[in-house]
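# Topology and contacts: notes
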Amino acid sequence: MTYRRMGLNAVIFGLGSHEAGWRMPESDPLASTDIDYWIDIAQRAEAGGFDALFLGDVLALQQSADRHLSDAMDPLVILSALAAATKRIGLIGTASTSFDHPFHLARRFASLDHISRGRAGWNVVTSSNALEAQNFGLDAMPEHDQRYVRAADVVEAALALWDSWDADARIVDKEAGRYLDPGKIRAVNHHGPYVRTRGPLNVPRSPKGRPLLAQAGSSQAGRDFAARYADLVFTVQSSLPEAQEFYADMKARAVRLGRSPDSLHIYPGIVPIVAATREDAEARLAQMSSFIVIEHVLAKLSEFLGADLSGADLDAPLPAHVGTGAPNQSSQGRVAVLVNIARREQLTLRQLLMRLASGRGHLLAVGTGSDVAATMREWFEAEAADGFNVMAPVMPHDLQSFIDFVMPHLSPAAI
Ligand SMILES: Cc1cc2nc3c(=O)[nH]c(=O)nc-3n(C[C@H](O)[C@H](O)[C@H](O)COP(=O)(O)O)c2cc1C
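These remarks concern the structure in this document. (Residues numbered from 1 in each chain as written. Predicted model: local features only at pLDDT ≥ 70, side-chain atom pairs only at ≥ 80, totals over all residues. Heavy atoms only, no water.)

Broken down by element type, the protein carries 13 helices and 13 strands. Radius of gyration (C-alpha) of the protein: 22 Å, near the 22 Å computed for a compact globule of 415 residues. Along the first, second and third principal axes, the C-alpha set of the protein runs to 75 × 50 × 50 Å. By residue count, 53% of the 415 residues in the protein fall in the buried class. Counted over contacts in the protein with a minimum sequence separation of 6, partners at least 24 positions apart contribute 76%. Carbon together with sulfur atoms contributes 52% to the accessible area of the protein, which is approximately 18200 Å² in total. In the protein, 39 positive and 48 negative side-chain charges are present, and the distance between their average locations comes to 6 Å. (Helix = DSSP H or I, 4+ residues; strand = E, 2+ residues; numbered from the N terminus. Rg over C-alpha atoms; globule rule 2.2 N^0.38 Å. Buried < 20%, exposed > 50% of the residue type's maximum accessible area, 1.4 Å probe, protein only. Contact = heavy atoms within 4.5 Å. Areas by Shrake-Rupley, 256 points an atom, 1.4 Å probe, with all protein chains shown as cover. Lys, Arg positive; Asp, Glu negative; His and termini not counted. Charge placed at Lys NZ, Arg CZ, Asp CG, Glu CD.)

So this is what it looks like as structure tokens:
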């Protein structure tokens, strides 16, 4: 029997994963640009036993930016500061393959791997929001599957650039005046369908050789991409059977590509709202929900689903036609998850909107530390997860509650 250990990744989207979390009394919305806020979270996550932390990113001030917090500083800049303020925790940053050049990307992540002494990770995203495209001079996002073709091209080029230095290329022979051994660095001459680069990189080989690669594709093209390149697969799953199916599918895809199934780690997201009693946890969820502006979430759902829901009856089920047409060009995985939740649980549109605002479609776990830990262990043991993306709804409160209430039940001694 092989030993499996549950991995834990603290996910940080701005001030937390809850749409209206910034309105909670204890939240400090201006902290999003204060480095002390980020350092505090990173140090809490590290001291609390997390393996890694992860910063999401979208390259645009988003729709309805006047109603929620969507400003975002560059994740790699934040992670550089966090590298100096932490010692052990992994530092995963999001960067898009749709707008950036692989030379920039490879160089930035190699630099982060150096300054963190081997703790860098790249969450490879293809981006999906039209506002992002417009910020880079395009009218709309390129077609969904073509974005993955470009992503593979960019990642192949970055892998080659990271490999363009041998670990012992710097011979530093002061007497002979030779800094590098030219036989130990090489051009990569990558000529792909979208990007070209000569190389070599101008950063020596990093401690890990390359950053850890995370990816969250759920569409067929996205799953194929993740199975080929990812070490960590992030996913949105809201029920155990669906999570098991996804887990088995991803491991099988990796095996078909000649990889060991253990080289690919599947991390569903969990949104924990934890307190000393179930009543307190439910009350906290209710308080967060009271701050949600329903019209704003409706606009967001319409965007995700590629369907205008502005006139729809909030107290009726999701209209039958939604999710049945041709796949849209946005995020296909997210559409499937949201439509499945609505149909399976027979939610009204209003209930679905509350679910989206509270947990972005991820597993919402409300209860005591032992309740939440039991759910996580069940998913882990049932091969639905190798680890979890812990998506605290309001930072730092819910991250700290997770550490205080759930972590003790997840320690090896408790399992
Ligand atoms: C935990 C998690 C974090 C994600 N973070 C980001 C992000 O920071 N930026 C982004 O553009 N997309 C992010 N995504 C979206 C994915 O990159 C991807 O577009 C989505 O899962 C849909 O995949 P598909 O296009 O293959 O359907 C995230 C997804 C998950 C599950």
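Having seen it, we continue.
Here the focus is the nonpolar core. Core analysis: the largest hydrophobic core is formed by 45 residues, its most contacted members being Leu-8, Phe-50, Leu-53, Met-376, Phe-388, Leu-399 and Phe-402. By size, the runner-up hydrophobic cluster in this structure holds 32 residues, among which are Ile-273, Ile-292, Leu-349 and Leu-353. (Core = buried A, V, L, I, M, F, W, Y, C linked by side-chain atoms within 4.5 Å.)

Below, the discussion takes up helix α13 (residues 397–410). Taking 1.5 Å per residue, 14 residues should reach 20 Å; α13 reaches 19 Å between its end C-alpha atoms and fits that length. Considering bend angle alone, the principal kink of α13 is centred on Asp-404 and spans about 35°; proline Pro-408 follows within four residues of it. For α13, the set of buried residues is Asp-398, Leu-399, Ser-401, Phe-402, Ile-403, Val-406, Met-407 and Leu-410. For α13, the secondary structure elements touched by its buried residues are β1 (7–12), α1 (35–48), β11 (265–274), α8 (278–289), α12 (369–381) and β13 (387–390). (Expected span 1.5 Å × (residues − 1). Bend = angle between axes of the 7 residues up to and from the residue.)

On to the pairing of β13, then. Burial along β13 is two-sided: the face carrying Gly-387 and Asn-389 and the face carrying Phe-388 and Val-390 are both buried. With four bridges joining them, β1 and β13 adopt parallel strand pairing. Across the sheet, residue Ala-10 finds its bridge partner in β13, namely Val-390. By the bridge criterion, two bridges tie β11 to β13 in an arrangement that is parallel. Across the sheet, Gly-269 pairs through a bridge with Asn-389, a residue of β13. (Pairing = 2+ DSSP bridges.)

Attention shifts here to empty space enclosed by the protein. Gaps between atoms show up when a probe of the same size as a water molecule is rolled over them. With the rule as written, the count across this model stands at three cavities of 30 Å³ or more. Space inside the second largest cavity adds up to approximately 50 Å³. Forming the boundary of the second largest cavity are Glu-19, Ala-20, Trp-22, Arg-23, Arg-67, His-68, Phe-291, Ile-292, Val-293 and His-296. Looking at side-chain class alone, the lining of the second largest cavity contains five nonpolar, two polar and three charged residues. (1 Å grid on protein atoms, 1.4 Å probe; cavity = no way out; pocket = protein on both sides within 12 Å on 5 of 7 lines; lining within 4 Å. Points joined across faces, edges and corners; volume = space filled by probe spheres on them. Nonpolar A, V, L, I, M, F, W, Y, C, P; charged D, E, K, R; others polar.)

Here we take up the environment of Asn-9. Within the element layout of this structure, Asn-9 appears in strand β1. Taking the relative accessible area as the measure of exposure, Asn-9 reaches 1% and is therefore buried. Remark: the alpha-carbon pair of Asn-9 and Phe-54, spanning 45 residues in sequence, is separated by 6.7 Å. With residues up to four places along the chain from it excluded, the contact list for Asn-9 reads Phe-50, Ala-52, Leu-53, Phe-54, Ile-92, Phe-234, Tyr-267, Phe-388, Asn-389 and Val-390.

With that settled, the discussion passes to the pairing of strand β9 (residues 212–215). Taken together, the four bridges between strand β4 (residues 120–125) and β9 define a ladder with parallel strand orientation. When the sheet's bridge partners are listed, Val-124 is paired in β9 with Gln-215. Across two bridges, β9 lies against strand β10 (residues 232–235) in parallel orientation. Each bridged residue has a counterpart across the sheet, and for Gln-215 the counterpart in β10 is Val-233. The handedness of the β9 to β10 crossover, carried by helix α6 (residues 220–229), is right-handed. (Right-handed = clockwise from strand over helix to strand, strands pointing away.)

In the structure shown here, the tally under the stated rule is 21 salt bridges. Among the salt bridges present, the one from Lys-300 reaches Glu-19, with a minimum N-O distance of 3.8 Å. Of the two residues, Lys-300 sits in helix α9 (residues 294–305) while Glu-19 sits in the loop between β1 and α1, which places them 281 residues apart along the sequence. Of the two residues, Lys-300 and Glu-19, both sit in the buried class. Asp-113 serves as the salt-bridge partner of Lys-208, at 3.2 Å between the closest nitrogen and oxygen. Placement of the pair is Lys-208 in the loop between β8 (196–197) and β9 and Asp-113 in helix α3 (residues 102–115), with a sequence separation of 95 residues. Accessibility expressed as a relative area gives 40% for Lys-208, which makes it partly exposed. Put simply, Arg-223, Asp-224, Asp-249 and Arg-253 are held in one network by salt bridges that share partners. (Salt bridge = Lys/Arg side-chain N within 4 Å of Asp/Glu carboxyl O.)

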